[in-house]
Amino acid sequence: MAYDKENKKPVIKASICNGEMVAGFQDIHTGAFEEVQLVRNDDEIRDFMRQYGITEKIEKIY
């Protein structure tokens, strides 16, 4: 799968209250977050990265 690398960056959005994490893409111009999938552990984050061909470290936002 592909994503718009010029306008979006992959991020993990994490809740500071309950620790829930969602993988997705953040628009670099507006900051809008596009949710793709719930992730519960590092294996699921690696699966997300593999699915979209992401090789760089993913930023975590709150």
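To start, this report covers the structure provided alongside it. In this text the structure is predicted, and so the values were computed from the model without any measurement.

Each value, and the rule that gives it
Residues numbered from 1 in each chain as written. Predicted model: local features only at pLDDT ≥ 70, side-chain atom pairs only at ≥ 80, totals over all residues. Heavy atoms only, no water. Pairing = 2+ DSSP bridges. Helix = DSSP H or I, 4+ residues; strand = E, 2+ residues; numbered from the N terminus. Axes fitted to C-alpha atoms, helices over the stretch in contact; angles between N-to-C directions. Contact = heavy atoms within 4.5 Å.

## Some remarks on the sheet that holds strand β2 (residues 21–27)
The mixed open sheet is built from four strands, whose spatial order is β3-β2-β1-β4. Looking at the sheet topology across the chains shown, the edges are occupied by β3 (33–39) and β4 (59–61). Taken over all neighbouring pairs, the strand axes of this sheet differ in orientation by 35° on average, direction set aside. Strand direction decides the pairing type here: strand β1 (residues 8–14) and β4, joined by three bridges, are parallel. Residue pairing across strands places Ile 12 opposite Lys 60, the latter belonging to β4. Here helix α1 (residues 42–52) sits on the sheet and contacts β1, β2 and β3; the angle it forms with β3, its principal contact strand, is near 130°.

## Considerations on the pairing of β3
Alignment of β2 against β3, held across six bridges, turns out to be antiparallel. Residue Ala 23 lies in a different strand from β3, and its bridge partner there is Gln 37. Between β2 and β3, which pair antiparallel and follow one another directly, the connecting turn spans five residues, one of which, Gly 31, has a positive phi of 85°.

## Digging into the environment of Val 22
Relative to the helices and strands, Val 22 resides in strand β2. A C-alpha to C-alpha distance of 9.7 Å links Val 22 and Glu 34, two positions twelve residues apart in sequence. Look past the residues within four positions of Val 22 in its chain and what remains in contact with it is Val 11, Ile 12, Lys 13, Phe 33, Glu 35, Val 36, Gln 37, Leu 38 and Val 39.

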